[in-house]
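Examination of the molecular architecture
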Amino acid sequence: MNERPNRWHSTTSRLIVIYGALFVVWGAVLVGVIQWETTRYLNNVIDQMLQQRMHYIESTDPARLAATVDAAAAIDPHGIMSVGLFDKDHQPVAGNIDHLPTSLLRDGQVHLLKHGLPRPDRDAERVRARGLAATLPNGDILVIAKDISTIDGIGTIIRRALLWGISLTIIPGLLGGFLLRRGPQRRIRELQQATDPIRQGDLSKRLPISRREDELDQLAGIVNTMLGEIERLMNEVKGVCDNIAHDLRTPLTRLRARLYRTQQQLDGEPESALVESCIVDIDEVLTRFRALLRVSELEDRHRAACFDEVDVGQVLRQVHEFYAPVAEDRGQSFEIEIQSLSPVRADAHLLFEALANLVGNAIKFTPSGGKVSLRASMDKRGPRVDVIDSGPGIPAGERDAVTRRFYRGDNSRTTGGSGLGLSIVSAIVRLHGYALDIGDATSNGARLTLYCYPLAADEKVGTCLSRSVPEVTPMTA
């Protein structure tokens, strides 16, 4: 059955995630560079302002230095530009700086104050600041510092702008990506639906191609070309096989008739037994040819036009009634267990043929005194039929090969048959869109399970064949 593809595994989704991640990383790097350059530039401006203010105050008359420092502090009541004059004992003399910053080097260079400075308009709050200190000729210490919280505010504004930019870009990008992704996903679903009949064996179907002629259309065109070549080769091979089987069947039938007349004339003679063995060999070849043509007939998709509502339980009872005498002659126990089943759309004749082949194989390969069980139950999706036997089973390595034409496993080489029984079952299963599982039973033995699940609806064309359950012996492997 088709599985719905994961929408987040699409190429469009991956491109959206990749480009979104690249945009976020690039945006973060870009904002980081802008913030670093802005901070460096503003710090240089502040350093120049502090050095100019230091040079101006240092050039003031020493007798008026304290008054000048107080005047500089008075014109800045918010303490944005702080000035302080300290004596040799680090005691404050003038200005609005109460304590001499011990970590500030007195080298005439601007440094970042590790512990910041208090702001007069902010109770008990210290702000980041840059400052410089210089020792005057009389031994006093002059300190000038400036609040740089404005630079931090600019950095905050830049980071907020990044977040807004990312959000205003990613949200429309996700919306646009969702809209862009719907188109390819819809195309993929259309292609997936178109492959259902192809997967079930109808090689005449082709993938749809739109007018856009994009990458998906180019890929669909390549696949259609490949399907056309595969269909041609398969038809040639099938035609050769069918023609050989059909052309040889007539002369072999004539030969059998002549041998039969010869046997009648030689009745009682020693040569009669030899002629009879030749007739048996010819019958075996004719049986294989009929089986081969039967497989080709079932591979014709037009047969699906005659599907109707079929009671699986009734078909199973007819199969059990048909094979019960055979199992009894072989000393085998043949049980049937049918639960309440819902009807399925199928061809009753073909469904009987498939189930009869499965049961016939189970009886043939189960030793005398063994057990064969035919069980039917309901799954969540529909009926399932289990054919369980106590025979040797099919090895795991041969379970895919046994449905091929003329394949015979190691366990069946010593028994009669043409190797086409499970090929017929496989063709019927593909025609109906069902599934066949070959496995092991819960105990020793073999298990074949037929799941009556319609995988896809084929085009209903052609003429209906007989849907009645046949009264003749079905063909087995």
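Reading guide: rules and limits
- Residues numbered from 1 in each chain as written.
- Predicted model: local features only at pLDDT ≥ 70, side-chain atom pairs only at ≥ 80, totals over all residues.
- Heavy atoms only, no water.
- Helix = DSSP H or I, 4+ residues; strand = E, 2+ residues; numbered from the N terminus.
- Buried < 20%, exposed > 50% of the residue type's maximum accessible area, 1.4 Å probe, protein only.
- Contact = heavy atoms within 4.5 Å.
- Areas by Shrake-Rupley, 256 points an atom, 1.4 Å probe, with all protein chains shown as cover.
- Core = buried A, V, L, I, M, F, W, Y, C linked by side-chain atoms within 4.5 Å.
- Phe/Tyr/Trp six-rings, centres within 6.5 Å; stacked < 30°, edge-to-face > 60°.
- Lys NZ or Arg CZ within 6 Å of the ring centre and 35° of its normal.
- Pairing = 2+ DSSP bridges.
- Salt bridge = Lys/Arg side-chain N within 4 Å of Asp/Glu carboxyl O.
- UniProt positions renumbered as here; feature names shortened; annotations may be inferred.
- Patch = residues over 30% accessible without salt bridge, like charges linked within 9 Å, V, L, I, M, F, W, Y side chains within 5 Å.

What follows covers the overall build of the protein chain. Each helix and strand counted, the protein chain has eight helices and 14 strands in total. Each of the 477 residues in the protein chain was classed as buried or not, and the buried ones make up 39%. The contacts in the protein chain between residues at least 6 apart in sequence include a share of 66% that link residues at least 24 apart. Accessible surface, the protein chain: about 27,700 Å² in total, of which carbon and sulfur atoms supply 56%.

Turning our attention to unusual backbone geometry. Although it is not a glycine, histidine 90 sits at a positive phi angle of roughly 65°. Within the secondary structure layout, histidine 90 lies in the loop between β1 (81-86) and β2 (92-95). With a relative accessible area of 40%, histidine 90 lands in the partly exposed category.

Our next topic: the nonpolar core. In this structure, Leu351, Leu355, Val359, Val385, Tyr434 and Leu450 are the most contacted members of the largest nonpolar core, which totals 39 residues. Put simply, the parts of the chain that give this core at least two residues each are α6 (312-329), β10 (344-346), α7 (348-365), β11 (371-378), β12 (383-389), α8 (421-432) and β14 (446-451). With eleven residues, the single largest contributor to this core is α7. Membership of the second largest hydrophobic core comes to 19 residues, among which are Ala72, Leu85, Ala134 and Leu142.

Before going further, it helps to spend a moment on the packing of aromatic side chains. Applying the stated criterion across every chain yields a total of two aromatic pairs. Seen in terms of ring centroids, phenylalanine 322 and tyrosine 323 are 5.3 Å apart; in terms of plane orientation they differ by 70°. Their pairing is edge-to-face. Here the aromatic rings of phenylalanine 322 and phenylalanine 352 are separated by 6.2 Å at their centres, their planes lie at 90°, and the arrangement is edge-to-face. Of the two residues, phenylalanine 322 sits in helix α6 while phenylalanine 352 sits in helix α7, which places them 30 residues apart along the sequence. Here a set of aromatic residues connected by ring pairs shows up, and it is made of Phe322, Tyr323 and Phe352. Directly above the aromatic system of tryptophan 36 lies the positively charged group of arginine 40, at a separation of 5.4 Å from the ring centroid.

Overall, antiparallel pairing links the five strands, which are arranged β2-β1-β7-β6-β3 in an open sheet. The two strands at the open ends of the sheet, each matched to only one other strand, are β2 and β3 (111-112). Inspection of the sheet shows β1 paired to β2 by three bridges, in the antiparallel sense. The residue of β2 that forms the bridge with glycine 84 is glycine 95.

To continue, consider the environment of isoleucine 141. In this fold, isoleucine 141 is placed in strand β7 (residues 141-147). Sequence separation between isoleucine 141 and histidine 90 is 51 residues; the distance between their C-alpha atoms is 7.7 Å. Not counting the four nearest positions on each side in its chain, isoleucine 141 is found in contact with Gly84, Leu85, Phe86, Asp87, His90, Leu100, Arg106 and Ala134.

With that out of the way, let us pick up the pattern of salt bridges. By the definition in use, this model includes seven salt bridges. Here arginine 187 and aspartate 217 are joined by a salt bridge, their closest N and O atoms 2.3 Å apart. Of this pair, arginine 187 sits in helix α3 (residues 149-199) while aspartate 217 sits in helix α4 (residues 215-265); the two residues are 30 residues apart in sequence, bridging distant segments of the chain. Exposure class is identical for arginine 187 and aspartate 217. Each is buried.

Within this structure's numbering, the places UniProt gives as "transmembrane region" (unreviewed entry) are residues 12-34 and 161-180. Here residues 161-180 is 100% helix and 0% strand, with 28 Å between the C-alpha atoms at its ends.

Glancing now at a nonpolar patch on the surface. Residues Val25, Trp26, Val29, Leu30, Val33 and Ile34 make up a contiguous nonpolar surface patch of about 560 Å² in total accessible area. Relative to the helices and strands, isoleucine 34 is located in helix α1 (residues 11-58).

Right, let's talk about the pairing of β11 for a bit. In this structure, strand β9 (residues 333-338) lies alongside β11, joined through six bridges in parallel fashion. Counterpart to glutamate 337 in the pairing with β11 is arginine 375. In this sheet, β12 lies alongside β11 in antiparallel orientation, the contact comprising seven bridges. By the bridge assignment, serine 373 is partnered in β12 with isoleucine 388. Connecting β11 to the antiparallel partner β12 that follows it, the hairpin turn spans four residues, and glycine 382 within it adopts a positive phi of roughly 155°.

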